[in-house]
Amino acid sequence: MKELIDRLKKIVGERFVSAESEERYLYSMDMGTMPPSVPDLVVMPGSTEEVSKIIRLANEYKVPVVPMGGGLVLSGLTRALKGGMILDMKRMNRITEVNPKSRYAVVEGGTSEGMLQAYLKKHHPELKHSLPDAPPIATLAGNVCIHGSGHLSVLGGYHSDMLNGMEVVLPTGEVVRTGSCSVSSDWFGKAPLPDLSGLFMGWAGTTGVVTRLGIKLYPNYRYSDLLIFVCEDAEDMPDVISRLTSTQVAEDMTPWMTPIPEWAKGFMHINIAYGAHSKEELTFKRNLLQMSVKEYKDKKIGGFLPMPPPQKARYMQIPTPDLVRFADVRKGGGFEYVGAIMAIEHFAEAYRAGVEIAERNDVSYSMGARVVGAGHSMMFFYAYAFNRADKEDMARAQRALEETNAAALEMGGIPWKAELPAQQQIIEKMAPDTFALMNRIRETLDPNHIMNPGNWERT
Amino acid sequence: MKHEEILHRCFRCGYCKLPSNYTDINCPAYQAFRFETYSPGGRMWLLRAWLNDEITNSKRFAEIMFSCSACGNCVEQCAFPKFKELLLEVFTAGKEAFLDAGQVPAPVRDYLTKIQLHGNPYGKPGKKRPEWAADLGIEPFSDQEYLFFVDDVGAYDTRGQEIARSVAGILQQAGISFGILSGEEVSDGNDVLAIGETPLFEELARKNIDVFNQKGVKKIITLSPHSLHALKNHYPGLGGNYQVSHYTQLLAFSMGKLKLREKGTKPCITFHDPCYLGRHNWDYQSPRMILKALPGASVVEMDRNQKNAFCCGGGGGNFFTDILSAEEDSPGRVRAREAARTGAELLAVACPMCAVMLEDAAKVEGLENRLQVREVSEIMAEYLVDG
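Along each chain, residues carry numbers from 1 onward, in the same order as the chain's sequence is written. As a convention, the first chain written is A and the first ligand written is 1, with the rest following in written order. Only residues with pLDDT of at least 70 are given local features in this predicted model, and only at 80 or more are side-chain atom pairs given and counted; all residues enter the totals for whole chains, interfaces and linings. Only hydrogens and water are set aside; all other atoms, that is, all heavy atoms of the structure, feed into the side-chain values.

What follows concerns the overall build of chain A. Assigned secondary structure in chain A consists of 14 helices and 19 strands. It is over C-alpha atoms that the radius of gyration is taken, and the globule rule equals 2.2 Å times the number of residues to the power 0.38. The C-alpha radius of gyration of chain A comes to 22 Å, within 12% of the 23 Å expected for a compact globule of 459 residues. When its C-alpha atoms are laid out on the principal axes, chain A stretches across 75 × 55 × 45 Å. Residue burial is assigned from relative accessible area. The probe radius is 1.4 Å, only protein chains are included, and a residue is buried under 20% of its type maximum, exposed over 50%, and partly exposed in between. Evaluated residue by residue, chain A yields a buried proportion of 61% over its 459 residues. Contact definition: two residues touch when any of their heavy atoms are within 4.5 Å. Summarising the internal contacts of chain A: among those between residues at least 6 apart in sequence, 69% fall at separations of at least 24. Only the protein chains shown count as cover for residues, with accessible areas throughout obtained via the Shrake-Rupley method and a probe of 1.4 Å. Of the accessible surface of chain A, which amounts to about 18,100 Å², a share of 54% is contributed by carbon and sulfur atoms. Positive charges are assigned to Lys and Arg, negative charges to Asp and Glu, while His and the chain termini are left out of the count. The atom standing in for a charge is NZ when the residue is Lys, CZ when it is Arg, CG when it is Asp and CD when it is Glu. Distance between charge centroids for chain A: 5 Å, based on 50 positive and 55 negative side chains. Counting from the N terminus, the helices are DSSP H or I runs at least four residues long and the strands are E runs at least two residues long.

Listed below in structure tokens is the structure:
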């Protein structure tokens, strides 16, 4: 190990390699409920070339490599399940290009969501990118690779749909590009080439290390607004979502259901964010949205929540620290959620299952969803808070998460950024030939099995 | 350990690493080292692990703890309002526990030993303390309205002495009645407290309070924002109650008494907020009021300013211990580069520590030909009719 460490130090510099117990401890876990797995060391590369050299070295020593961005996935995907090194990518945080006409940005693999947001605000205020609900230190590459979604997902789909191309260091050290940038100097999109980006998205870092990516940017409207539609019956939600998305004017739609505060308990809320270049356009869009669900208002079974401006501003803050504050509900610094990607029509079933599981396990919960595309699917989330200092409380949350994963799969959904037990549940339900294909791809790409081993493997 | 009951409540969401506009990393230690362990959240989790016997108090861990410059960005940005105010107290308590356990980085130990033995971190005798004022004709404090309190850097560091002389000269021109002490005083103790050596801080503070009280001091002007913080916010708890102001706060409201002239140039100035004037004491305007009043001068802001200002890396004793020195990633060098990006030719500072840190950083960065680091009073002096 000492020889490996010395050689790594020659690649990235002495300061950016550590096998000290403090780093090994902290990088052994994330903030969720998965148990720690201690890495042998942590390395922080500063360039694609350094990543490539590290990977080649890891092959030579047959040492596992676990790429890590913000480390905020919560489901333990960046734990070194079989030891080896954590590749903390956050030194690679440069924004290398913004193309305002073709509306894309090219960033390095450790660039944070917040940094790009700030950069665009200063240099290209007419543009924005889709921000996830994660804290701003989360990385763009990490979020794209887990098929994240965000505040422009009704408009543009999953963040992986907003990907134009990637630069990736393969598990054998070669540097490849996917999308237009593999042929052209422009990063305008994935078409018309064979879509190799799919080899790296949803794979939990088992197929390579993303060192650069191009993502789509969108117009940043001068005027923005938010409506909150409320109804009582979860069964109505698929129709409500369908009507609202059919207007094609919303940028983001996020249903939420929570027992606290008391006034919100038992109600289905949908935050609908939209924007416009002029006040007239904004009014027009608001009218379209309101008209689409007028029938519910007329029947007095749904309507729009009046909101004082400060409350509205709080809902419109992107990203909002309110979401991580859920971790303090039990004064215990922890929460984890199951985000199940599923069809819209399962909304009521998903909601009922969440309430039952939370009550059965006596856990503090919050539920919600993000509508993706024009109602093409949704990421339905079940968040459970726990007290990190109380092992029983953590175990309760873990149980609730496992039950939720099972319930989501049962109703036809698929757990998102699945933790290890959920990966097993998915593999069990997956068409055998599909899983066999995944294994063949991995075998081809990673003959020494060094990339984040333990994930997407049948135990 | 004090406040250990909140350690597990940190989610490690990372808001503490950034300014509120997310432009760049805003925690000096995390900027310098880049491992999660050096971030505020990392420290919270490591301290908890240590108290739970999951890790030991190693040399590395001590470096992680003492690299905190106590800049207060984490307190400002933490997403958890119910305990964010306690974050720096937690880190200070952690350092205190390391001191009790005898696990202290050598430079920290040397820093504290010199202060304990000599009353200042330079290891120089107290009688040399007022030498900065030689030939300025400043009277020892007796019954003047203000005591001008000069910190260790202003008293003993060559560059700090220049700044102390500059400030004193302007106070004289503004007709402010003030005197200085003759070396009876000792270090203000601010950074000793941030390091967690509370008993030594109290000893220093009590010595100063005794001197102030014997002399009948009621109002104090400080050269350094670090002194401002200690004297204003921590001395009252030990019986030292004075009206304390940083010199920029006094001068901002004395500009009318000073005659300013056109210089013939129109300098573009960017201002670096000192943590102990800004985030710790919420004054972002006094130095800017002075700079904006200078004929022809314009002030441009860095991306990170006021409550989002990026620390020079000198706080928490790091000015002396140099734990945060980290080649091109050191906070001072990062800040100097940020200042240069504004296009300003002057980087104004209002703290002797910031002045030394950023001057050194600008030199190492090769910026000295396009970015001059000047203290606010020095910039101001060039505009005074009799200056």
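Per the secondary structure count, chain B includes 17 helices and eight strands. At 20 Å, chain B has a C-alpha radius of gyration in line with the 21 Å of a compact globule built from 387 residues. Its C-alpha atoms give chain B principal-axis dimensions of about 65 × 50 × 35 Å. Scored against the burial criterion, the 387 residues of chain B give a buried share of 66%. The contacts in chain B between residues at least 6 apart in sequence include a share of 78% that link residues at least 24 apart. If you sum the accessible surface of chain B, you get close to 13,700 Å²; carbon and sulfur atoms cover 46% of it. On chain B, the mean spot of the 43 positive side-chain charges and the mean spot of the 49 negative ones are 3 Å from each other.

This brings us to the environment of R388 of chain A. Within the secondary structure, R388 of chain A sits in the loop between β18 (377–387) and α12 (391–410). Taking the C-alpha atoms as reference, R388 of chain A lies 9.0 Å from M31 of chain A; in sequence the two are 357 residues apart. The contacts of R388 of chain A, once residues within four sequence positions are left out, are M31, G32, G332, G333, G334 and M394 of chain A together with H8, C10, F11, W45 and R48 of chain B. A 3.5 Å cut-off defines polar contacts: any pair of N or O atoms within that distance qualifies, except that in protein one atom must be a possible hydrogen donor and the other a possible acceptor, and neighbouring residues in sequence count only when both atoms are side-chain atoms. From its side chain, R388 of chain A meets the backbone oxygen of M31 of chain A in a polar contact 3.1 Å long.

Another point: the nonpolar core. By nonpolar core we mean a set of buried residues, namely Ala, Val, Leu, Ile, Met, Phe, Trp, Tyr and Cys, connected to one another through side-chain atoms within 4.5 Å. Residues M85 of chain A together with F212 of chain B are the most contacted members of the largest nonpolar core, which totals 140 residues. Not counting residues up to four positions away in its chain, the partners in contact with M85 of chain A are L4, L8, L41, V43, I54, A58, V63, P64, V65 and V66 of chain A.

All names here are of chain A. Per the annotation, domain bounds derive from an automatic or database assignment of domains. You can read the domains of chain A as domain 1 (2–88), domain 2 (95–219) and domain 3 (222–418). Using C-alpha coordinates to define each centre, domain 2 is positioned 26 Å away from domain 3. Of the residues lining the interface, 21 residues belong to domain 2; the matching set on domain 3 comes to 20 residues. When the two sides are added together, the surface that domain 2 and domain 3 hide from each other amounts to roughly 1,700 Å², 60% of it contributed by carbon and sulfur. Among the residues of domain 2 in contact with domain 3, D133, V154 and Y158 are the three that bury the most area, contributing 38% of the side total. Accessible-area loss on putting two parts together, using a 1.4 Å probe and summing over both, is the definition of buried area adopted here.

On to the sheet that holds strand β1 (residues 17–18) of chain A, then. Residue and element names in this part refer to chain A. At least two bridges found by DSSP between two strands is the condition for calling them paired. Read across the sheet, four strands follow the order β1-β2-β4-β3 without closing on themselves; strand pairing throughout is mixed. Because the sheet does not close on itself, it has two edges, and the strands there are β1 and β3 (65–68). The pairing of strand β2 (residues 41–43) with strand β4 (residues 85–88) spans three bridges and is classified as parallel. The partner of L41 across the bridge, within β4, is M85. Fitting a line to C-alpha atoms yields each axis, with helices limited to the stretch in contact; the angle taken between N-to-C directions then spans 0 to 180 degrees. The strands that helix α1 (residues 2–12) touches are β1, β2 and β4; relative to β2, the one it contacts most, it runs at about 15°.

So, about the pattern of salt bridges. Between side chains of opposite charge, a pair can form when the charged atoms approach closely. Any Lys or Arg side-chain nitrogen located within 4 Å of an Asp or Glu carboxyl oxygen qualifies as a salt bridge. Here the structure, examined in full by the defined rule, presents 55 salt bridges over all chains. Measuring nitrogen to oxygen at the nearest pair gives 2.8 Å for the salt bridge that ties D6 of chain A to K2 of chain A. In this pair, D6 of chain A and K2 of chain A are both assigned in helix α1, four residues apart and thus about one turn of the helix distant. By relative accessible area, which is 32% here, D6 of chain A ends up partly exposed. For K53 of chain A, the salt bridge goes to E49 of chain A, with nearest N and O atoms at 3.6 Å. Of this pair, K53 of chain A and E49 of chain A both sit in helix α3 (residues 48–61), four residues apart, which is roughly one turn of the helix. Each of the salt bridges in this network shares a partner with another, and the network as a whole consists of R159, E162, K263, E359, R374, E378 and E382 of chain B.

Residues and elements named next belong to chain A. Within β18, 11 of the 11 residues are buried, leaving the element largely enclosed by the surrounding structure. Alternating residues of β18 divide into S377, M379, F381, A383, A385 and N387 and M378, F380, Y382, Y384 and F386, and every residue in both groups is buried. Where strand β16 (residues 333–342) meets β18, 10 bridges bridge the pair, whose relative direction is antiparallel. Each residue of the ladder has a partner; that of I341, found in β18, is M379. Relative to β18, strand β17 (residues 364–372) runs antiparallel, the two being bridged by nine bridges. Directly across from M367, in β18, lies its bridge partner Y382. Hairpin connection from β17 to β18: four residues lie between these consecutive antiparallel strands, with G373 at a positive phi of about 70°.

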